[in-house]
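# Notes for the structure review
Chain residues, written in single-letter form:
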Amino acid sequence: MVHEYTQRNVYPKGKLVRFAALTVTALSLSILSHGNTTYAADTTATVSSDSSSVTDSTNSSNTYVLQNSNNKTTDANSTSQKTASATKVVSVQKATDSNSTATSSVAQSEVSSANQVTSADSSSSNSGENSSSASGTNSTSADTNATSNSNKNSASDSSEASSSSDITVANKDSDGQSTTENTTPADSTSSSASSAAVTDSEDSSTEASSTSSAKTSSAASDAFNAAKAAVAANASADSLRSTKKVVADGLHTENGATYYYKNGVKQSGQQTVNGVTYYFNPATQQMRTNYFLVNNGNTYYFDNSGHEYIDKFYSNWGHLYYFGTNGARYTKQFYNNWGKTYYFGELGIRYTNQFYSNWGHMYYFGGDGARYTKQFYNNWGHTYYFGEKGVRYTNQFYSNWGHMYYFGGNGARYTNQFYNNWGHTYYFGTGGVRYTNQFYSNWGNLYYFGSNGALVTNRTLKVSRKTYYTNSKGIIYALTLGAENINQYANGAPNGCEAAASLEALHLLGYAKNYNYAAFLKTMPIATNGNPNNGFGGSPYNNSWGWPAIFHGPLTNWLRKFDAGVKDITGASLQTLLNYVKSGRSVVTYVTIHLATPVWQSASFGNAVSNNHAVCLDGYNQVTKQVHLSDPIDGVYWVSESKFLNAYNAVKGAVVI
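Attention here is on the structure that accompanies the text.

Rules used in this analysis
Residues numbered from 1 in each chain as written. Predicted model: local features only at pLDDT ≥ 70, side-chain atom pairs only at ≥ 80, totals over all residues. Heavy atoms only, no water. Helix = DSSP H or I, 4+ residues; strand = E, 2+ residues; numbered from the N terminus. Buried < 20%, exposed > 50% of the residue type's maximum accessible area, 1.4 Å probe, protein only. Contact = heavy atoms within 4.5 Å. Areas by Shrake-Rupley, 256 points an atom, 1.4 Å probe, with all protein chains shown as cover. Pairing = 2+ DSSP bridges. Salt bridge = Lys/Arg side-chain N within 4 Å of Asp/Glu carboxyl O. Core = buried A, V, L, I, M, F, W, Y, C linked by side-chain atoms within 4.5 Å. Polar contact = N/O pair within 3.5 Å; in protein donor to acceptor, adjacent residues only side chain to side chain.

## Observations concerning the overall build of the chain
Per the secondary structure count, the chain includes 11 helices and 37 strands. Within the chain, the fraction of its 657 residues that count as buried is 45%. Counting contacts in the chain only where the partners sit at least 6 residues apart, residues at least 24 apart contribute 46% of the total. Accessible area of the chain: about 32800 Å², with a carbon and sulfur share of 47%.

## Structural notes on the pairing of strand 35 (residues 626-631)
With five of its six residues buried, strand 35 lies for the most part within the structure. Where strand 34 (residues 612-621) meets strand 35, five bridges bridge the pair, whose relative direction is antiparallel. Residue pairing across strands places G619 opposite H628, the latter belonging to strand 35. Here strand 34 folds back onto strand 35, and the loop between the two strands holds four residues, one of which, K625, carries a positive phi near 60 degrees. Connecting the antiparallel pair strand 35 and strand 36 (residues 635-640) is a turn made up of three residues.

## Some thoughts on the pattern of salt bridges
A side chain with one charge may pair with a side chain of the opposite charge, provided their charged atoms come close. Applying the stated criterion across every chain, the model contains four salt bridges. For K340, the salt bridge identified is with D368, shortest N-O distance 3.5 Å. Of this pair, K340 sits in strand 16 (residues 340-344) while D368 sits in the loop between strand 18 (361-365) and strand 19 (375-379), and the two are 28 residues apart along the sequence.

## Focus: the nonpolar core
Core analysis: the biggest nonpolar cluster contains 59 residues, and L559, L577, L629 and F644 have the highest contact counts within it. If you look at the next biggest cluster of nonpolar residues, it comprises seven residues, including Y447, F449, L455 and I475.

## Concerning the pairing of strand 10 (residues 276-280)
Along strand 10, four of the five residues are buried, which leaves the element largely enclosed by surrounding structure. Note that strand 9 (residues 269-273) and strand 10 share five bridges and pair antiparallel. Residue pairing in the sheet places Q271 in a bridge with Y278 of strand 10.

## Notes on helix 10 (residues 574-582)
Residues of helix 10 that are buried include every one of L574, L577, L578, Y580, V581 and K582, and no others. Of the residues one or two after helix 10, G584 is the one with positive phi, at around 95 degrees.

## So, the environment of Y259
Mapped onto the elements, Y259 comes out in strand 7 (residues 257-262). Y259 gets classed as buried once you look at its relative accessible area, which sits at 8%. Distance in space between the C-alpha atoms of Y259 and Y279 is 9.9 Å, their sequence separation being 20 residues. For Y259, the side chain forms a polar contact with the side chain of Q286, separated by 3.3 Å.

Take a look at the structure:
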């Protein structure tokens, strides 16, 4: 019996070790895929130090225990239960790692072989029993037949399987409680038959069993060590996974660079964090600072803190830029704020001291960048005006301060220039003011621009007391200043022609208004020595003494008491006289009575014209070559220049008022 026990113990032990190694390997592979696959069943393999038992515990519906047992009591249905158990072991192995198909297949093959041996052993012990079990398998009957007809090796394998540790199957009943079924011989006859078969084959199989057991033990040891290393590696990986920190959402600084995490992943591109937009390099995921981003034709700027410029000005390179409410830089755009308008050009640069042309108009942006609106601009010796919407006036009139201005085709204001339109001529003088009801003198001619600013042509104008005559070119070719006429005889002063002509001229310009002729005569200086070079050399009322006249020198001094602008122009030419008249100033000229030929006479002060007379020259006509006179004796009339000069040239005495 001792020998029998030894033989029966050695061979089953090898089989069980091999089975345990394969089981551990399968479980290890399952553990390695722990991070990606959920176990079909949580399995723990325990190998005892003497390799006498291997326990496979599972949280599935069944618990399988393989152990070396000497129990002699066997359930009548042990063969069916063992067959089912072996089959379930294969199922567990398959479920352990669904992602390791090839590896599982190898393990299943080995386990299946062990199951077949177990099944055969069970069949030998229970050949007489009903092969039907809870699993509905018929493998027991087939194994029983195989046992009785096997060759020597088959008998040895059957004996080893039969002599191996009995399989105890712990099943959960319908209530979830574990029940244990022990395999026992159905009767002594079946047991004896099995024992006899084993005994006959023991001697012949001993050597083969020992060799196989040694190989199996070595393979199991290698498999066990590999599985152990795999389990350790997986445990290390699990440890790393469990200790790995989960980075919170938000901005984080790592090695001097700033990143943005979202769901534990570094983000890139434009990202908004707490209402602030940042930009993260797509290649490095690092935050960009002091950075211009060009995207979809727009330019964006992120400052030294990485903040995107929104509705903000940016100054650099001597220029000013603006980034709008969407962060995009203004380019070829107007910007309105503070009641002013600004423009940002081609490269986003704000226009400063620059003209801008668009929509057929010209605009100007000043030193502060603001568009000129209802403002004058002076440059290059010209003046420009930008109106209500900043549009420069071009070929337009502008009215203000009671004046009219005109801005030409280049936008420059007309200054000292004529402007022709609508069949009329206009003139804009110094300061650009249009002439209105004004005289204009140039090229030796006098012009007049009426109430509408247009040059008066081919008309006779009455302006106050003055009368003007214009030709087709607007040249005033004739005029009369409208001096009043004071008759010296009518006022009892037959010698008072100088006083009468002078008062006519003074009244014409608004001087000595409070003096009539009689009162004015009383202010005239009298030369007691009768010399007309010192004052009036006698009496204006009669010829009782002296030389009844006052010459140009003392006359000028007397009249300056009423008009400081009085000037002695004795010896002046006719043209000089007429130019004064054109300017609106009349001239007291020394001629002869009725413009007769001068009569010279010797006197105490020297030679003098005895028929001397004074008149007020207040008009001319360039076309007819006439002059207009207000004569204190003969009244108001036109006379030819030649007749006037015949009388004037005797002494050429003249005083302009």
